[in-house]
Amino acid sequence: MVKKKRFRFIAEMARKIRAYRELKSRPRESQKYALDYQTMKRPLTGKRLPVLAWLDVRRESRLFSLFAGMRMFGVGRLFTRKSWLEDHTEPSYWQITKVKVDYTSENMDHGKAWGILTFKGKQETEVKEVDKVMYHDWRLIPKHLEQQFKDFEPLPEPPVRFVPYPPLLRAMILAQHKKATGTIMAEEPALPLKRDVLLSKDYFRMQEQERQRKEGTAV
């Protein structure tokens with residue numbers, strides 16, 4: 001008969017206390033992402049920000065720095081990023097639906113936010129947490145430009161013309177190319193979904209000759 005394992009109440013309580021203390025001792029986001037603007041170092045880790053980011057850190061704002069000076073902490077408004085404006089011609093922005101502010105931070109410039117993401121003109125359907133809120137490149141979209149961002153219609157996706165070869169066939173093509181030329185193929189082989197045929201007189205002449213060869217010449 002298997003002996004029933006005795007439940008140790010004191011050990012389980014001690015384990016919960018250790019887990020609770022570990023949770024409480026973890027640094028908050030306001031401590032984790034705090035920044036000394038004189039030395040450009042994070043006091044908690046001592047890491048210095050990349051030199052290329054110094055200009056944006058001094059000129060741009062974090063997302064919650066914008067929230068702190070707005071009514072309802074920016075719920076319902078549209079926010080974009082400097083990198084999105086520079087890299088994409090299509091509008092990319094977040095529409096904020098919920099904000100949870102960390103009131104322990106000095107200027108209430110930390111916390112979590114949720115919203116609906118529209119990236120390169122394509123709007124997602126689900127609400128999810130906004131990432132990279134601690135980056136210094138967030139911008140508020142003025143109200144007179146919000147409708148212009150929302151009315152953008154993305155262009156249809158171009159049809160797929162090439163697909164990758166199956167693994168075995170790809171390996172055979174690469175091996176054959178290396179054996180014939182002695183070098184590795186520079187471009188990845190792709191299988192065309194539609195073969196382009198040049199409709200010329202020679203093409204029709206070859207088609208007629210092939211048909212006569214198969215059917216035979218009439219007597």
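Residues numbered from 1 in each chain as written. Predicted model: local features only at pLDDT ≥ 70, side-chain atom pairs only at ≥ 80, totals over all residues. Heavy atoms only, no water.

- An unreviewed UniProt entry lists the chain under the name Mitochondrial ribosomal protein S34, with Mastacembelus armatus as the source organism.

**So, a nonpolar patch on the surface**
- Together, Leu168, Leu169 and Met172 give the surface a local cluster of nonpolar side chains, amounting to about 320 Å² of exposed area.
- Inspection of the secondary structure puts Met172 in helix H7 (residues 167-181). (Patch = residues over 30% accessible without salt bridge, like charges linked within 9 Å, V, L, I, M, F, W, Y side chains within 5 Å. Areas by Shrake-Rupley, 256 points an atom, 1.4 Å probe, with all protein chains shown as cover. Salt bridge = Lys/Arg side-chain N within 4 Å of Asp/Glu carboxyl O. Helix = DSSP H or I, 4+ residues; strand = E, 2+ residues; numbered from the N terminus.)

**Re the nonpolar core**
- Counting 16 residues, the largest nonpolar core has Phe67 and Val130 as its most contacted members.
- Breaking this core down by element, the ones donating at least two residues are helix H4 (63-67), strand E2 (93-101) and strand E3 (111-119).
- At four residues, the largest contribution of residues to this core is made by E2.
- Other than its neighbours up to four places away in sequence, Phe67 contacts Phe73, Gly74, Phe79, Ile96, Val99 and Ala113. (Core = buried A, V, L, I, M, F, W, Y, C linked by side-chain atoms within 4.5 Å. Buried < 20%, exposed > 50% of the residue type's maximum accessible area, 1.4 Å probe, protein only. Contact = heavy atoms within 4.5 Å.)

**Examining the environment of Leu78**
- In this structure, Leu78 sits in strand E1 (residues 78-81).
- Between the alpha carbons of Leu78 and Trp94 there is a distance of 5.6 Å; along the sequence they are 16 residues apart.
- Ignoring anything within four residues of it in the chain, the contact list for Leu78 reads Tyr93, Trp94, Gln95, Arg139, Leu140, Ile141, Glu146 and Lys150.

**Here we look at the pattern of salt bridges**
- Evaluation of the coordinates by the stated rule reveals 11 salt bridges.
- The residue Arg15 makes a salt bridge to Glu12 at a minimum N-O spacing of 2.7 Å. Of this pair, Arg15 and Glu12 are both found in helix H1 (residues 9-25), three residues apart, which corresponds to roughly one turn of the helix.
- Since its relative accessible area comes to 41%, Arg15 is described here as partly exposed.
- Taking the shortest distance from any N to any O, the salt bridge between Glu60 and Arg139 comes out at 2.9 Å. With a gap of 79 residues between them, Glu60 in the loop between helix H3 (54-59) and H4 and Arg139 in strand E6 (residues 138-140) connect regions that are remote in the sequence.
- Judged by relative accessible area, which is 15%, Glu60 ranks as buried.

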